Amino acid sequence: QVQLVESGGGLVQAGGSLRLSCAASGRTFSGYVMGWFRQILGKEREFVATISMNGGDTYYADSVKGRFTISRDNAKNTVSLQMNSLKPEDTAVYYCAAAAGFGITSNPSRYDYWGQGTQVTVSS
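A quick note: this is a predicted structure, and the numbers were derived from the prediction, not measured.

> Can you lay out the environment of Val12 for me, pointing to particular residues and giving the numbers?
On the secondary structure map, Val12 appears in strand β2 (residues 10–13). A relative accessible area of 13% places Val12 in the buried class. The spacing of Val12 and Val122 is 110 residues in sequence and 5.0 Å in space, taken between C-alpha atoms. Leaving out residues up to four positions away in the same chain, Val12 has contacts with Ser17, Leu18, Leu86, Thr121, Val122 and Ser123.

Written out as structure tokens, the structure is:
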């Protein structure tokens, strides 16, 4: 079992920045691919970013590429999402997720554990 707890959400004006963090506990953190997803009420969960087990590989949704950066610290069991140049369309609940496996993936069905989510609201 892996427990994931997100933090860092909030209200920010368009053009601003937020940094989301996800703290993991339980099984060996470095053995999991980590991802960030987001969801607007009534819509399907959307892939945002993913990072490999050693942090060497990352992949982003086109909608956030160049604005968001995913990183991880295996010594501290954390994964972060730095979000810059935020837009109102980035407003959503953001979820951290962990996938037991080998390669990075944008497919939410590949992820085994999910956090409870943190709300990000970007005002125009």
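> Please set out the pairing of strand β1 (residues 2–7) residue by residue, giving values where relevant.
Alternating residues of β1 divide into Val2, Leu4 and Glu6, all buried, and Gln3, Val5 and Ser7, none buried. Summarising the sheet, β1 and strand β3 (residues 18–26) pair through six bridges and their orientation is antiparallel. Bridge assignment links Glu6 to a residue of β3, and that residue is Cys22.

About the criteria used
- Residues numbered from 1 in each chain as written.
- Predicted model: local features only at pLDDT ≥ 70, side-chain atom pairs only at ≥ 80, totals over all residues.
- Heavy atoms only, no water.
- Helix = DSSP H or I, 4+ residues; strand = E, 2+ residues; numbered from the N terminus.
- Buried < 20%, exposed > 50% of the residue type's maximum accessible area, 1.4 Å probe, protein only.
- Contact = heavy atoms within 4.5 Å.
- Pairing = 2+ DSSP bridges.

Don't take any of this as a statement about function, it's just geometry.
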